[in-house]
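Now for the letters of each chain:
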Amino acid sequence: DAVRRPVTTALGFRLPLARGALGKFSALEDIQVRANLSLKQKKFVNESIAPGDEELMDEYDAMCAQVDKVTLKLFFDILKAGKVERALDLVERLHLEKSFEIAIKASDRMSLLKLSDR
């Protein structure tokens, strides 16, 4: 029956996130989590469409750099607050080696050798 046929539509993706004890970082954390999800989705789509396409890989690397920029901004704020464990968790979310090096330099400058050693 043509009248009862379901119609597909695009719906906005809404992801509720719990607010932590560090409320002032919640907006950046929200952006970082959503960007990371988008990045993983982009990688999945790229691998399923054209597994060896260099242009798509370059686009993916550019997106990785953007996500890492947001993650590093959050990382710097967390370091200033003195939350070493949370900063270590953020470092695990980085994608590019250059971003890891930036995080290590920042932790060295803040005299958090425990973090830079890990």
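Residue indices begin from 1 for each chain and proceed along its sequence in written order. In keeping with the predicted nature of the model, local features appear solely for residues at pLDDT of at least 70, side-chain atom pairs appear and are counted solely at 80 or more, and the whole-chain, interface and lining totals rest on all residues. Only heavy atoms go into the side-chain values, all of them from the structure, while hydrogens and water stay out.

(A) Fine view of the nonpolar core. Core analysis: the largest hydrophobic core is formed by 13 residues, its most contacted members being L74, F75, I78 and A103. Under the DSSP-based scheme used, a helix requires at least four consecutive residues in state H or I and a strand at least two consecutive residues in state E, with every element numbered from the N terminus. Breaking this core down by element, the ones donating at least two residues are α2 (54–81), α3 (84–91) and α4 (97–109). The dominant element in this core, judged by the number of residues it contributes, is α2, at five residues. Ignoring anything within four residues of it in the chain, the contact list for A103 reads L72, F75, V91 and L94. Put simply, a nonpolar core is a bunch of buried Ala, Val, Leu, Ile, Met, Phe, Trp, Tyr and Cys residues held in one set by side-chain atoms that sit within 4.5 Å of each other. Classification of residues uses two cut-offs on accessible area relative to the type maximum, computed with a 1.4 Å probe and protein chains only: under 20% is buried, over 50% is exposed, and between them is partly exposed. Residues count as neighbours in contact if any of their non-hydrogen atoms are within 4.5 Å of one another.

(B) Geometry of the packing of α2 against α4. Closest axis-to-axis distance for the α2/α4 pair is 11 Å, and the angle between their directions is 15 degrees. Here α4 runs roughly parallel to α2, going by the angle between their axes. Taken as a pair, α2 and α4 cross one another with a handedness that is right-handed. Between α2 and α4, the contacting residues are D68, L72, F75, F76 and L79 on the first element and S99, I102, A103, A106 and S107 on the second. Only the stretch in contact is used when fitting a helix axis, every axis being a line fitted to C-alpha atoms; angles between N-to-C directions are given from 0 to 180 degrees. Here the word oblique covers every angle except those under 35 degrees (roughly parallel), over 145 (roughly antiparallel) and from 65 to 115 (roughly perpendicular). Crossings are assigned a handedness: left-handed for a near helix turned anticlockwise from the far helix by less than a right angle, right-handed for a clockwise turn.

(C) Molecular detail of a negative patch on the surface. Taken together, the side chains of D53, E54, E55, D58 and D61 define an acidic patch exposed on the protein surface. Residue class for E55 comes out exposed when judged on its relative accessible area of 62%. Residues form patches when they are more than 30% accessible in relative terms and have no salt bridge. Like charges link within 9 Å. Nonpolar side chains (Val, Leu, Ile, Met, Phe, Trp, Tyr) link within 5 Å. Residue burial considers only the protein chains on display, and all accessible areas are found by Shrake-Rupley using a 1.4 Å probe. We count a salt bridge whenever a side-chain nitrogen from Lys or Arg sits within 4 Å of a carboxyl oxygen from Asp or Glu. Positive charges are assigned to Lys and Arg, negative charges to Asp and Glu, while His and the chain termini are left out of the count. Charged groups are reduced to one reference atom each: NZ for lysine, CZ for arginine, CG for aspartic acid, CD for glutamic acid.

(D) Region of interest: α4. What a helix is expected to span follows from its residue count: subtract one and scale by 1.5 Å. Helix length check: α4, at 13 residues, gives a terminal C-alpha distance of 19 Å against a target of 18 Å (1.5 Å per residue), a fit within 8%. The set of residues buried in α4 consists of S99, A103, A106 and S107. Down the axis of α4, the buried set is contained in an arc of 95 degrees. They therefore lie on one face. Along α4, exposed side chains directed more than 90 degrees from the buried face belong to E97, K98, K105 and R109. Trailing α4 by a residue or two, S111 shows a phi angle of about 60 degrees, which is positive. Throughout, the arc means the angular range of directions from the helix axis out to the C-beta atoms.

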